[in-house]
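# Coordinate analysis (summary)
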Amino acid sequence: MSDIPTHESGDVRTAWGRTTAWLERNDPEAFAALGGPGSETVIGEAELLMGLELPGEMRQWLLTNDLDAGRQPDGRSCLVALGCETVIPGGHLLLGLTDIQRVYLSQMGLEEMQPSADPDHPFWRREWVPIAAERDGLYGTFLDTLSGTVGTWAEAHDPEEGVYASLFAFLQETADRLEGVSSGDWRGPGKSAGPRKLDPRPEDEPIRLWARANGYLVNDRGRIPAAFREAYEASRR
């Protein structure tokens, strides 16, 4: 994180504090759902499980509030089991450390099982850590632990990198939206470049036709979920 320009980085505790202060005044229920302080031990265990080191900005944020502190998902939970609903860019659920690990391992598993045909544009990179996502994990926001920038991913599109200059910038934008003010331009270098759409692979077309015939919802411009492939192959045996 030390190579991020000073105008793009900052104390995430200050940016996050704006959000928590607003929620405490205006939405006590959401404020109560933010969880308590994070733990260095738990963060270290998560780093070992994911096989990467979290940058200082993210550690500051998680130590201030780990949304999942003291909570565990049940066996019937969606991929994002404990996400917090608040007004953040993209409209996704803000993640605590438990959900961060669940989504990260899911995304890495998908990339390893079905690697992108273009190595320069993978569906997921090992250095990306999710910070917000939909319940099913198909859409979300990630922190690039190498560059410090924040990007987004969405089903049927390539991920968009550099949407926000840093985690600090993302949290500042979150607070701005809650407070109805503008404290600066927090966009990153990739903000103006829209997501690159993916063309469906011809070899996937039989699976698409089978899925539609059996009532599965299939996006015309995205990867075929592994579960669809498995069910399709089983139907042919």
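Quick look at the structure, then.

The rules behind the values
Residues numbered from 1 in each chain as written. Predicted model: local features only at pLDDT ≥ 70, side-chain atom pairs only at ≥ 80, totals over all residues. Heavy atoms only, no water. Helix = DSSP H or I, 4+ residues; strand = E, 2+ residues; numbered from the N terminus. Expected span 1.5 Å × (residues − 1). Buried < 20%, exposed > 50% of the residue type's maximum accessible area, 1.4 Å probe, protein only. Contact = heavy atoms within 4.5 Å. Phe/Tyr/Trp six-rings, centres within 6.5 Å; stacked < 30°, edge-to-face > 60°. Lys, Arg positive; Asp, Glu negative; His and termini not counted. Salt bridge = Lys/Arg side-chain N within 4 Å of Asp/Glu carboxyl O. Polar contact = N/O pair within 3.5 Å; in protein donor to acceptor, adjacent residues only side chain to side chain. Axes fitted to C-alpha atoms, helices over the stretch in contact; angles between N-to-C directions. Parallel < 35°, antiparallel > 145°, perpendicular 65-115°, else oblique. Nonpolar A, V, L, I, M, F, W, Y, C, P; charged D, E, K, R; others polar. Pairing = 2+ DSSP bridges.

## Topic: helix α5 (residues 97-113)
Helix length check: α5 (17 residues) gives 24 Å between terminal C-alpha atoms against 24 Å at 1.5 Å per residue, within 8%. Turning to α5, its buried residues are Leu-97, Thr-98, Asp-99, Ile-100, Gln-101, Val-103, Tyr-104, Gln-107, Met-108 and Glu-111. Those residues of α5 that are buried lie in contact with α3 (40-50), α4 (56-64), β2 (128-133) and β4 (150-154).

## Let's talk about the packing of aromatic side chains
Aromatic rings in a pair are described by how distant their centres are and how their planes are angled relative to each other. Throughout the structure, instances matching the rule amount to six aromatic pairs. Relative to Trp-128, the ring of Trp-124 lies with its centre 5.6 Å away and its plane at 85°, an arrangement referred to as edge-to-face. Both residues of the pair, Trp-124 and Trp-128, belong to the buried class. Here the aromatic rings of Tyr-164 and Phe-170 are separated by 5.6 Å at their centres, their planes lie at 80°, and the arrangement is edge-to-face. The pair formed by Tyr-164 and Phe-170 is uniform in burial state, with each residue classed as buried.

## Things to note about the side chain of Asp-144
Along the chain, the position of Asp-144 falls in strand β3 (residues 139-144). No salt bridge is formed by the buried Asp-144. Its closest oppositely charged neighbour is Arg-125, at 6.0 Å. A distance of 2.8 Å separates a polar atom in the side chain of Asp-144 from the backbone nitrogen of Leu-146. A polar atom in the side chain of Asp-144 sits 3.1 Å from the backbone nitrogen of Ser-147. Setting aside its immediate chain neighbours within four residues, Asp-144 contacts Glu-127, Trp-128, Thr-149 and Glu-161.

## Digging into the packing of α3 against α5
At a minimum axis distance of 11 Å, the contact between α3 and α5 shows a crossing angle of 5°. In this view, α3 runs roughly parallel relative to α5, as classed from their interaxial angle. Along the contact surface, α3 presents Val-42, Ile-43, Ala-46, Leu-49 and Met-50, while α5 presents Leu-97, Ile-100, Gln-101, Tyr-104 and Leu-105. Here the contact of α3 with α5 is built from residues that sort into nine nonpolar, one polar and no charged.

## Examining the pattern of salt bridges
Here the structure, examined in full by the defined rule, presents nine salt bridges. For Glu-47, the salt bridge identified is with Arg-59, shortest N-O distance 2.9 Å. Here Glu-47, found in helix α3, pairs with Arg-59, found in helix α4; they are twelve residues apart in sequence, far enough to count as distant. Classification of Glu-47 as buried rests on a relative accessible area of 14%. The network of salt bridges with shared partners includes Arg-18, Asp-176 and Glu-179.

## Some thoughts on the sheet that holds strand β1 (residues 93-94)
Overall, antiparallel pairing links the five strands, which are arranged β1-β2-β3-β4-β5 in an open sheet. The open sheet has two edge strands, β1 and β5 (157-164), and neither has a second partner. Looking at chain direction, β4 and β5 are connected through three bridges and run antiparallel. In the strand pairing of β5, Val-150 is matched with Tyr-164. Of the strands in this sheet, β2 and β4 are in contact with α5, which crosses β2 at around 120°.

## Details of the pairing of β3
Taken across its six residues, β3 has five buried, putting it largely inside the fold. Across five bridges, the pairing between β2 and β3 is antiparallel. By the bridge assignment for β3, Ala-133 is matched with Gly-140. Here β2 folds back onto β3 in antiparallel fashion, the turn holding five residues, of which Gly-137 has a positive phi close to 75°. Relative to β4, β3 runs antiparallel, the two sharing five bridges. Note that in β4 the partner of Gly-140 across the bridge is Trp-153. Taken together, β3 and the strand that follows it, β4, pair antiparallel across an intervening segment of five residues, in which Gly-148 is found at a positive phi of about 80°.

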